[in-house]
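Listed below, chain by chain, are the residues.
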Amino acid sequence: MQLKEVSYYQTGGTCDQWIVPGSVPELAKAMSRLHAEQTPYFLLGAGSNSLVMDDHWPGAVVMFSRLKGICTVHDRIIVEAGVLNTFLAEKCLADSLTGAEWMYCLPGQVGATVRMNARCYGGEISQIVESVTVVTRQGQIRNYPNDGIFLGYKDTIFMRSQEVVASVTLKLKPGEQDEIRRQMEFCKTDREKKHQLAYPSCGCVFKNDYTAGVPSGLLLDKVGVRAFSTGQVEISPYHANFVFNKGASARQILEVTLNMREAVYQHFGIWLEYEMEILGQLPEDLKKRISEVREPRPKESEIAPLRERFLAGQ
Ligand SMILES: Cc1cc2nc3c(=O)[nH]c(=O)nc-3n(C[C@H](O)[C@H](O)[C@H](O)COP(=O)(O)OP(=O)(O)OC[C@H]3O[C@@H](n4cnc5c(N)ncnc54)[C@H](O)[C@@H]3O)c2cc1C
């Protein structure tokens, strides 16, 4: 089997081992073994925020597709890492619980969603998490209360500690099914209207730079990044921060995104930060280019008119 068959973005080659634990203790045992053997590994949820590289991965890939336990206790839901966001939202609807409507049609699994503090449509996972059970790199099981996990925009302590999110307790509120359903439908329709789900992608390639006050998609749009599209890599006609895979390799996708980042820097002096996670074996030449960091030199005369237009349109 190839990683492209199980990753949302449909890239990735082969690997030495697949690890697909069926319970949290099994996950802990696997992590402990990987640590003891010093086997390189990476974690793969649904792959909807990741680009898995093409070359053979000489290590293990840990997946969560069998960690699908979910149970409701009054207004709390205890959910394992591999449950899809959409399924969780549907479960909340079935149990008349409000707070997770925004997760409907958000690609990906709950584990990775917590790890990166995903957000959309006014919701953010930090708002509904009560506690998180993780497995450390050494294979220990630990529990964290919400306090102190979430560090702001798409940032959590788990992105630094590399702990594995194993299960999550969410605290929701009782709600009216009709209203919950209406909000879920809004999220679905909006994503459909923006053609987000038309082809494999990883959502936004770059984070927003809040110091600029303009979404990265607008900066990318303004510099005409669509000219970088190729037959296999298409920058979405609807959202310049979405890069569709139409049969490309991971390298081809990365090359296009590097051009996008460069164009924004040349025009606006803003060095965009990748939101897309790169997993697997990154060839040396690409590693050097991807990890480059440049001094921001914001060209206010170029940014200000765009900011005004953006604020006026909100
Ligand atoms: C069409 C589209 C629209 C999107 N819209 C949005 C949006 O509106 N808002 C938003 O925030 N995101 C959005 N995304 C991104 C994506 O949906 C979220 O980031 C989602 O949470 C990723 O989940 P995943 O399981 O696919 O993660 P993956 O891509 O599999 O993993 C992401 C990272 O988390 C790590 N990881 C995976 N599982 C775990 C775990 N259990 N514990 C610890 N680390 C783990 C991986 O190693 C990787 O580094 C969009 C993506 C797509 C394709």
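Being a predicted model, the structure only gives us computed values, none of them experimental.

### Regarding the environment of Trp 57
Stage number 1. In this fold, Trp 57 is placed in strand S4 (residues 57–63).
Stage number 2. In this structure Trp 57 touches Thr 14, Cys 15, Asp 16, Pro 40, Tyr 41, Phe 42, Gly 280 and Gln 281, once residues within four positions along its chain are discounted.

### A short note on the domain arrangement of the protein
Stage number 1. Assigned domains within the protein: domain 1 (3–63), domain 2 (70–193) and domain 3 (216–313).
Stage number 2. The straight-line distance from the C-alpha centre of domain 1 to that of domain 2 is 22 Å.
Stage number 3. Summed over the shared surface of domain 1 and domain 2, the number is zero salt bridges.
Stage number 4. At the junction of domain 1 with domain 2, the criterion picks out one residue pair in polar contact (both at pLDDT 80 or more).
Stage number 5. For the side of domain 1 that touches domain 2, the elements supplying multiple residues, two or more each, are helix H1 (24–37) and strand S2 (41–44).
Stage number 6. Looking at which element gives the most residues to the side of domain 1 that touches domain 2, the answer is H1, with seven residues.
Stage number 7. Of the residues belonging to the side of domain 1 that touches domain 2, the class tally is nine nonpolar, five polar and no charged.

### Brief notes about the side chain of Glu 163
Stage number 1. Residue position: Glu 163 is located in the loop between helix H4 (157–161) and strand S14 (164–171).
Stage number 2. Assessed through its relative accessible area of 8%, Glu 163 is described here as buried.
Stage number 3. A polar atom in the side chain of Glu 163 sits 2.8 Å from the side chain of Tyr 144.
Stage number 4. One polar contact links Glu 163 to Ser 161, side chain to side chain, over a distance of 2.7 Å.
Stage number 5. Non-local contacts of Glu 163, meaning those with residues more than four positions away in its chain, are made with Val 134, Val 135, Thr 136, Arg 142, Tyr 144 and Phe 158.

The rules behind these values
Residues numbered from 1 in each chain as written. Predicted model: local features only at pLDDT ≥ 70, side-chain atom pairs only at ≥ 80, totals over all residues. Heavy atoms only, no water. Helix = DSSP H or I, 4+ residues; strand = E, 2+ residues; numbered from the N terminus. Contact = heavy atoms within 4.5 Å. Domains from an automatic or database assignment. Salt bridge = Lys/Arg side-chain N within 4 Å of Asp/Glu carboxyl O. Polar contact = N/O pair within 3.5 Å; in protein donor to acceptor, adjacent residues only side chain to side chain. Nonpolar A, V, L, I, M, F, W, Y, C, P; charged D, E, K, R; others polar. Buried < 20%, exposed > 50% of the residue type's maximum accessible area, 1.4 Å probe, protein only.

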